[in-house]
Amino acid sequence: MKFDDKVPIYYQIKNYLYHEMMTGALKPGDKLPAVRQLAVDLTVNVNTVQRALGEMITEGILESQRGKGNFVTMDEQRITQLKEQLVMEQLERVYEQLHALNLTDEQIIASLKQYIAQRGQRDDQRVSD
Amino acid sequence: MTNVLAINQLTYKHNLKTILKDVDLTLETGKIVGLLGENGAGKTTLMRLITGSAKGSGTIAVCGDSVATHHKSHISFTEQLRGFKPNTRIDRVANFYRTVYPDFDGQRFEELITFLQIDTSLKLGALSKGMKEKVVIALTLARQAQLYLLDEPFSGIDSMSRKRIISSIIKWKPEDATMVISDHYVSEIAPILDEVVIVKDQGIYAHKPSDAIREEFGIGIEAYYESLYERGVKHD
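Because the structure is a prediction, the values reported are computed rather than measured. (Residues numbered from 1 in each chain as written. Chains lettered and ligands numbered in written order. Predicted model: local features only at pLDDT ≥ 70, side-chain atom pairs only at ≥ 80, totals over all residues. Heavy atoms only, no water.)

Within chain A, the regular secondary structure consists of 5 helices and 2 strands. Secondary structure elements in chain A, listed N-terminal to C-terminal, are α-α-α-β-β-α-α. The C-alpha atoms of chain A give 19 Å as radius of gyration, which overshoots the globular expectation for 129 residues (14 Å, by more than 25%). Projected onto its principal axes, the C-alpha positions of chain A cover 55 × 35 × 30 Å. The proportion of buried residues among the 129 residues of chain A is 29%. Summed over its atoms, the accessible surface of chain A is roughly 8,700 Å², and 53% of this surface lies on carbon and sulfur atoms. Where the 16 positive side-chain charges of chain A centre and where its 19 negative ones centre are 6 Å apart. (Helix = DSSP H or I, 4+ residues; strand = E, 2+ residues; numbered from the N terminus. Rg over C-alpha atoms; globule rule 2.2 N^0.38 Å. Buried < 20%, exposed > 50% of the residue type's maximum accessible area, 1.4 Å probe, protein only. Areas by Shrake-Rupley, 256 points an atom, 1.4 Å probe, with all protein chains shown as cover. Lys, Arg positive; Asp, Glu negative; His and termini not counted. Charge placed at Lys NZ, Arg CZ, Asp CG, Glu CD.)

Every contact between the two is made by 17 residues of chain A and, on the other side, 23 residues of chain B. Together, the buried faces of chain A and chain B total about 1,500 Å²; carbon and sulfur atoms form 46% of this surface. Among the residues of chain A in contact with chain B, D5(A), R36(A) and N45(A) are the three that bury the most area, contributing 35% of the side total. There are 1 salt bridge connecting chain A and chain B. Between D5(A) and R214(B) there is a salt bridge, and its shortest N-O distance comes to 2.8 Å. At the surface where chain A touches chain B, the tally comes to 12 residue pairs in polar contact (both at pLDDT 80 or more). Every element with two or more residues in the side of chain A that touches chain B is listed here: α1 (9–22), α2 (35–42) and α3 (46–58) of chain A. Considering every element that reaches the side of chain A that touches chain B, the biggest residue donor is α3(A), with 4 residues. (Contact = heavy atoms within 4.5 Å. Buried area = accessible area lost by both parts, 1.4 Å probe. Salt bridge = Lys/Arg side-chain N within 4 Å of Asp/Glu carboxyl O. Polar contact = N/O pair within 3.5 Å; in protein donor to acceptor, adjacent residues only side chain to side chain.)

Moving on, we come to the side chain of D103(B). For D103(B), the location among the structural elements is in the loop between α3 (90–100) and α4 (106–115). Of the residues examined, D103(B) reaches a relative accessible area of 17% and is grouped as buried.

Have a look at this one:
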């Protein structure tokens, strides 16, 4: 995995694991690889992996079972919550950047609708090509 | 958390020239630390002082022991194998290590040799720079030490070998051991560093956790390192 050196690595590891969960590569109840294996797979420090997993355990996304390892929570509600949180974080970024361009809320909504419509057409074209 | 290394007021002069002055440095167990600085800043000198190969004033305690002659038993240091003749086979060198260092683990060495794709029947004189560096890393990591000192393990080697060496560090560094890796080119090892120590102006110019640098300044380790040098440039 390629990391952005400007962003704390533990934060990027968390985001990587969140995405694995959102795409279904990691399902509720799945066991995570051992800490050192994760560190080797991602080419990062063992301590950094431990910090990322520790925070995810505190957040209730992962469950640590003594002597067995770390598991994705079976709490579907918590996963839905996480998905909402990730979506909100992305929207917040887009919203703030568009606001910084002096767009009103109405203009932001209109622009987004226009973008999605255009994007849909473009993707359809690509499929028919 | 306990300290694997505690340096107090260390000063080292060579031919009346001060190389390091009043250095204080403490490292905790279980960390990977990047020792950064320009060529000639004193990184190798600092490592030689820690192992006890060079002598300065001040105190250096390794695992709480400040007797310099005891340090080598706690420390595994990347030696450049200059003491061996070019026609010595790698497995002969490994046998020598096995005899000299009681903590040399033959099983670990075998695993490292396989992982780093080293042919131990080759002679030292026939090795490319990258292959020789991999041999040095295998010998160094095969010891079960508390402190590992890797002096510029990535200089002048191809990116595939570099990736293998980085993976072997993550795989084989004992959990409680601390590893110091010196380099003047940081970007490739930045993701594996817990902390960075920057040697500049005859001393430790900065000592910070890597993720704290990213959080505090919003910049990468390399950019941070370079910024310390830019600040030092006189504009007159």
